[in-house]
Amino acid sequence: EQAKDSGKSGGGDKKITMGFSQIGAESEWRTANTESIKKAAEEAGINLQFSDAQQKQENQIKAIRSFIAQGVDIIAFVPIVETGWDTVLKEAKDAKIPVVVVDRDVKLADDSLYVAKIGTDSVKEGNNVFKWIDEYMAKEKKTPRDGGSQYNVVVLEGTVGSSVAIRRQEGFKDAMAKSPNAGKYNILASQTGEFTRQKGQEVMESFLKSYGPKIDILFAHNDDMALGAIQAIEKAGLKPGKDITIISIDGVKGMFQAMIDGKANCTVECNPLQGKLLMETAKKILAGEKVEKLVYVDEGVFPADVAAKTLPERKY
Ligand code: GZL
C-alpha cells in the first residue's frame, strides 16, 4: 500500500526544505562550517532556512520551534551545549520532522530524538594534542622554564558545557594519564576562552600575570584562542612558539600562518567541511533510506615544519 504522503518532500522531486540552526560566528572554524553548509545546500538543490543563534541556546530552541511551525522537511543544528534539548527535539519528533545533529554532540534521555550525528571525534583530537606535545618536548629536549622537574601547562578551554570542550579536555588528560611521562607534566591552570580570539587573549594575559615565568606549554581548545594568546605572550615580552610551546585544534589558515611565522608549534585538524555529508544524509533520510547514526569526517595533525608546504592546499 502506498505510504501515506506526509506532504514532506524527499520521495518525489519537490524541493527539500531544511531548517538549520547554527550557533554563531565565534571563530574562523565556525565561519568555514557555515560556508560549507550553505554551499552544499545550494549544490544539492535544498532550500536552506538558516538561523544564527548569536551563541545563545534559547535562540536555537526558538529557531527549531519556528522550523517546526513552518513545517520544514528536516531540521539540522549544531548544539552549542550538550544538554537542554530533550523537550524541543520531542516536539520535532511529534511533528514527524527528522533531526540531524551536526558538529557538536547532544546528551539526551532518548537518543531516538535524532536520526544521525555528523561531526568530529573531539576525544581523539584531545589525545592527538597530548601525544604530539609528549613527542615534541622529548625531541627538543626542552628544560622546564622554572628549573623544576615538570613542564607547566596552561589550557584555554572552549565553550563551557559544549561537548567539544568537555571531550577535548578528557582526551588530553586521558592520553597524559596513559603516558609513561605523565609525571613530567603539571596543569597549572585551565579556563574557558569561549573559543574566541579576544577572550583567549584576555585569559592568557591573566595566566601570564599569575604564572608568566613558569609556563612551558599552552594547549588551546581552538586556533582562534591560540592566536589571541600569541598576542598576549608577545605583549608580555616572551617568544610564542619558543619560550612557550603552543598547540591548538582546528587547522584554520590563521594558525598555519602563525606556524610559518615561528609563533606556534602545531595544530590538530578538526574538519568543518561537513556540508556535503549533511545534505547527502538529509536526502537519504527523506528518501526513507537507512543512515549511520554517527559519522566522523576525516582529520589530521599539522606540525609547524609542514605548515608552509600545506597552507596553499588548505580549504578553510
Ligand atoms: C569543533 C567546533 C568548535 C571549533 C571552534 O567541532 O564545535 O567550535 O573547534 C568552534 O573553533 O568555535
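Residues numbered from 1 in each chain as written. Predicted model: local features only at pLDDT ≥ 70, side-chain atom pairs only at ≥ 80, totals over all residues. Heavy atoms only, no water.

What is the right way to read helix H4 (residues 122–140) from this model?
Helical geometry note: an α-helix holds 3.6 residues per turn, so side chains three or four residues apart project in the same direction. Counted at 1.5 Å a residue, the expected span for H4 with its 19 residues is 27 Å, and the 27 Å between its end C-alpha atoms agrees. Looking at H4, one finds that the buried residues are Ser122, Glu125, Gly126, Asn127, Val129, Phe130, Trp132, Ile133, Asp134, Tyr136 and Met137. Sitting at the head of H4, Asp121 places a side-chain oxygen 3.2 Å from the backbone nitrogen of Val123. The positive-phi residue at the C-terminal boundary of H4 is Lys141, with phi of around 50 degrees. (Helix = DSSP H or I, 4+ residues; strand = E, 2+ residues; numbered from the N terminus. Expected span 1.5 Å × (residues − 1). Buried < 20%, exposed > 50% of the residue type's maximum accessible area, 1.4 Å probe, protein only. Polar contact = N/O pair within 3.5 Å; in protein donor to acceptor, adjacent residues only side chain to side chain.)

Can you walk me through the pairing of strand S6 (residues 151–157) in this structure?
Side-chain direction in a regular strand flips from residue to residue, so the side chains alternate between the two faces of the sheet. Across the seven residues that make up S6, a large majority, six, are buried. Both S6 and strand S7 (residues 185–192) contribute to a ladder of seven bridges, which runs parallel. Paired with Val155 across the two strands is Ser190, which belongs to S7. Read as a crossover between parallel neighbours, the route from S6 over helix H5 (residues 163–178) to S7 is right-handed. (Pairing = 2+ DSSP bridges. Right-handed = clockwise from strand over helix to strand, strands pointing away.)

What is the right way to look at the site of the ligand in this model?
Inspection of the region around the ligand gives 13 residues, with Glu26, Asp103, Arg104, Arg168 and Asp250 positioned closest. Arg104 places a side-chain nitrogen or oxygen 2.8 Å from an oxygen atom of the ligand. Between an oxygen atom of the ligand and a side-chain N or O atom of Asn222, the distance comes to 2.9 Å. Contact with the protein chains removes 100% of the 320 Å² of surface that the ligand exposes when unbound. (Near = heavy atom within 4 Å. Areas by Shrake-Rupley, 256 points an atom, 1.4 Å probe, with all protein chains shown as cover.)

So what exactly am I meant to see when it comes to the pattern of salt bridges here?
Should the charged atoms of two oppositely charged side chains come close, the side chains can pair. Applying the stated criterion to the full structure yields 18 salt bridges. The salt bridge involving Lys107 is made with Glu82; its shortest N-O contact spans 3.7 Å. Of this pair, Lys107 sits in the loop between strand S4 (99–103) and strand S5 (116–119) while Glu82 is found in the loop between strand S3 (74–77) and helix H3 (86–94), placing the two residues 25 residues apart along the sequence. According to the relative accessible area criterion, Glu82 is buried, its value standing at 6%. Residue Glu234 pairs with Lys263 through a salt bridge whose shortest N-O separation is 2.9 Å. Of the two residues, Glu234 is situated in helix H7 (residues 223–235) and Lys263 in the loop between helix H8 (253–260) and strand S10 (266–269); the sequence distance between them amounts to 29 residues. In the salt-bridge network here, residues are joined through shared partners; they are Glu26, Arg30, Asp103 and Arg104. (Salt bridge = Lys/Arg side-chain N within 4 Å of Asp/Glu carboxyl O.)

Mind showing me how you'd approach the packing of H4 against H5 here?
Helix-helix packing is characterised by the crossing angle of the two axes and by the distance between the axes. At a minimum axis separation of 6 Å, H4 and H5 run at an interaxial angle of 40 degrees. Judged by the angle between their axes, H4 and H5 are oblique. Judged by the twist between their axes, the crossing of H4 over H5 is right-handed. Contacts between H4 and H5 involve Ser122, Val123, Glu125, Gly126, Asn127, Val129, Phe130 and Ile133 from the former and Val164, Arg167, Arg168, Glu170, Gly171, Phe172, Asp174, Ala175 and Met176 from the latter. Broken down by class, the residue content of the contact of H4 with H5 amounts to eight nonpolar, four polar and five charged. (Axes fitted to C-alpha atoms, helices over the stretch in contact; angles between N-to-C directions. Parallel < 35°, antiparallel > 145°, perpendicular 65-115°, else oblique. Left-handed = near helix turned anticlockwise from the far one by under 90°. Contact = heavy atoms within 4.5 Å. Nonpolar A, V, L, I, M, F, W, Y, C, P; charged D, E, K, R; others polar.)

Whenever I open this one, the sheet that holds strand S12 (residues 301–303) confuses me. Can you help?
Sheets are built from strands that pair by backbone hydrogen bonding, the pairs being arranged parallel or antiparallel. The strand order S7-S6-S8-S9-S10-S12 describes an open sheet built from six strands, whose pairing is mixed. At either margin of the open sheet sits one strand with a lone partner, and together these are S7 and S12. This sheet shows a mean twist of 15 degrees between the axes of neighbouring strands, independent of strand direction. Helix-sheet contacts for H7 involve S6, strand S8 (215–220), strand S9 (245–250) and S10, and the interaxial angle to S9 is about 155 degrees.

Just checking my understanding: could you explain the nonpolar core for this structure?
Generally speaking, soluble globular proteins have nonpolar side chains that are buried together. In terms of nonpolar packing, the biggest core is built from 55 residues, with Ile133, Tyr185, Met204, Ile244 and Ile246 touching the most fellow members. In terms of residues, this core owes the most to one element, H7, which gives seven residues. Setting aside chain neighbours within four positions, we find Ile133 in contact with Phe172, Tyr185, Ile217 and Ile247. With 43 residues, the next largest nonpolar core counts Ala40, Ile64, Ala116 and Ile118 among its residues. (Core = buried A, V, L, I, M, F, W, Y, C linked by side-chain atoms within 4.5 Å.)

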